[in-house]
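Now for the letters of each chain:
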Amino acid sequence: MTRLLIADDHPLFREALQGALANHFSDLHIREADTLESTLTALASDDDIDLLLLDLHMPGAGDLYGLIRIRNDYPMLPVAVISGTEDIQVIGRCMGFGALGFIPKSLPSAQIAAAIASILDGDEWVPEGVAEQISDVSQEDKALAEKIADLTPQQYRVLYYVHEGLLNKQIAYELGITEATVKAHMTAIFRKLDVYNRTQAVLIAERLQLSPP
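What to know about the overall build of the protein chain
- Along its length, the protein chain carries 10 helices and five strands.
- Its C-alpha atoms give the protein chain a radius of gyration of 18 Å, near enough to 17 Å, the size a compact globule of 213 residues would have.
- Each principal axis of the C-alpha atoms in the protein chain carries an extent, and together these give about 55 × 35 × 25 Å.
- When each of the 213 residues of the protein chain is scored for burial, the buried share is 49%.

Observations regarding the packing of aromatic side chains
- For the structure on display, the rule yields two aromatic pairs.
- Taken together, a centroid distance of 4.5 Å and an interplanar angle of 5° make the contact between Tyr65 and Tyr156 stacked. Residue Tyr65 is found in helix H3 (residues 64-73), and its partner Tyr156 is found in helix H7 (residues 153-163); the two are separated by 91 residues along the sequence. Each member of the pair, Tyr65 together with Tyr156, is buried.

Quick notes on the pairing of strand S1 (residues 2-7)
- With six of its six residues buried, S1 lies for the most part within the structure.
- Burial along S1 is two-sided: Thr2, Leu4 and Ile6 facing one way and Arg3, Leu5 and Ala7 facing the other are all buried.
- Bridge analysis of S1 against strand S2 (residues 28-33) gives six bridges, and the strand direction is parallel. Bridge assignment links Leu4 to a residue of S2, and that residue is Ile30.
- Strand direction decides the pairing type here: S1 and strand S3 (residues 51-54), joined by four bridges, are parallel. For Leu4, the partnering residue across the bridge sits in S3 and is Leu51.

Notes on the pairing of strand S5 (residues 101-104)
- Across the two faces of S5 the burial is the same, with Gly101 and Ile103 and Phe102 and Pro104 all buried.
- Two elements, strand S4 (residues 79-83) and S5, share four bridges in a ladder whose sense is parallel. If you follow Ser83 over to S5, its bridge partner there is Pro104.
- Each parallel crossover has a hand, and for S4 linked through helix H4 (residues 88-96) to S5 it is right-handed.

Considerations on the pattern of salt bridges
- Taken as a whole and assessed by the stated rule, the structure comprises eight salt bridges.
- The partner of Arg14 in a salt bridge is Glu32, and the shortest N-O contact between them spans 2.6 Å. Highlighted residues: Arg14 in helix H1 (residues 11-22) and Glu32 in strand S2, separated in sequence by 18 residues.
- Its relative accessible area of 10% is what places Arg14 among the buried residues.

Quick notes on unusual backbone geometry
- Unusually for a residue other than glycine, Asp194 sits at a positive phi of about 60°.
- Looking at the secondary structure, you find Asp194 in the loop between helix H9 (179-193) and helix H10 (198-207).

Considerations on the sheet that holds S5
- The five strands lie next to each other as S2-S1-S3-S4-S5, forming an open sheet whose pairing is parallel. At either end of the open sheet lies a strand with only one pairing partner, and these are S2 and S5. When the angles between neighbouring strand axes are averaged without regard to direction, this sheet yields 25°.
- Set on the sheet, H1 makes contact with S1, S2, S3 and S4; between it and S2 the angle comes to about 170°.
- Relative to S5, H4 is tilted by about 145°, and along the sheet it contacts S4 and S5.

Here's the deal with the nonpolar core
- Ranked by size, the top nonpolar core spans 55 residues in total, and within it Leu52, Ile70, Ile148 and Leu193 carry the most contacts.
- Ranked by residues supplied to this core, first place goes to H7 with six residues.
- In this view, Ile70 contacts Leu36, Thr39, Leu40, Leu43, Leu52, Leu54, Leu77 and Val79; residues no more than four positions away in its chain are not counted.
- Counting 19 residues, the second-largest nonpolar core is a separate cluster that includes Leu4, Ile6, Leu21 and Ile82.

So, how was this worked out
One numbering rule holds for all chains: residues counted from 1, following each sequence as written. Local features are withheld for residues below a pLDDT of 70 in this predicted model, meaning they are given only at 70 or higher, and side-chain atom pairs are given and counted only at 80 or more; totals for whole chains, interfaces and linings count all residues. Think of the side-chain values as coming from all heavy atoms in the structure, minus any hydrogens and water. Helix numbering and strand numbering both begin at the N terminus, where a helix is a DSSP run of H or I of at least 4 residues and a strand a DSSP run of E of at least 2. Radius of gyration here uses only the C-alpha atoms, and the compact-globule reference equals 2.2 Å multiplied by the residue count raised to the power 0.38. Think of it in three bands: residues with accessible area under 20% of the maximum for their type are buried, residues over 50% are exposed, and the middle band is partly exposed, with areas taken using a 1.4 Å probe on protein chains only. Centre distance within 6.5 Å is the pairing criterion for rings of Phe, Tyr and Trp, where only the six-membered ring of Trp is used; planes under 30 degrees apart are then read as stacked, over 60 as edge-to-face, and the remainder as tilted. Whether two strands pair depends on DSSP finding at least two bridges between them. Assignment of crossover handedness uses the view with strands pointing away from the viewer, where a clockwise path from the first strand over the helix to the second indicates a right-handed crossover. The rule for a salt bridge is simple: a side-chain nitrogen of Lys or Arg has to be within 4 Å of a carboxyl oxygen of Asp or Glu. Whenever a helix is involved, its axis is fitted only over the stretch in contact; in every case the axis is a line through C-alpha atoms, and angles between N-to-C directions fall within 0 to 180 degrees. Working rule for contacts: check all heavy atoms of both residues, and any pair within 4.5 Å makes them a contact. Residues enter a nonpolar core if they are buried and are Ala, Val, Leu, Ile, Met, Phe, Trp, Tyr or Cys, with the set joined through side-chain atoms within 4.5 Å.

Interpretation note: all reported values are geometric properties and have no functional meaning in isolation.
Laid out in structure tokens, this is it:
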């Protein structure tokens, strides 16, 4: 039996993908998640997942943060990013941060199934002609990613709003928490990222091109 976890916040896409894959895999079991938190919960409760199909933009994932966090927590779990973007830089960074494959949602269902089958066989997979165009992620960026992976989803949200220039009071309003809680998160963020001020934390976020949670 092939066991997949589809992590995507669009129910129609999850339903369509399940239907398409059922035509190409004879013995298939699929679980679903629609946020980073529900994905982490599903992975914690099921250690028999053969492949995670991860959307970059579902709630809480924050693009690269979701991939970085999952690869850190479950280093033996094969992860394929399945995304609406086909940007070469995005593909390169996803592969550099540990994805085994990058599957555009625009592909026909037969090609998506073939890509998944290839990844399940242990191969890396990107669209034809892309492998020659992507650049390796630097060791420095990989070291920064390890620090980002230590952040909780809520701490990442705080970091995002810091990057956007919001004050602690504004961050508290956006997240529905107290200003004291924001300050506690900031202390934890500084410690985990090994920085001493907001500017240094923002520079790390920009270096990894983290996107809105």
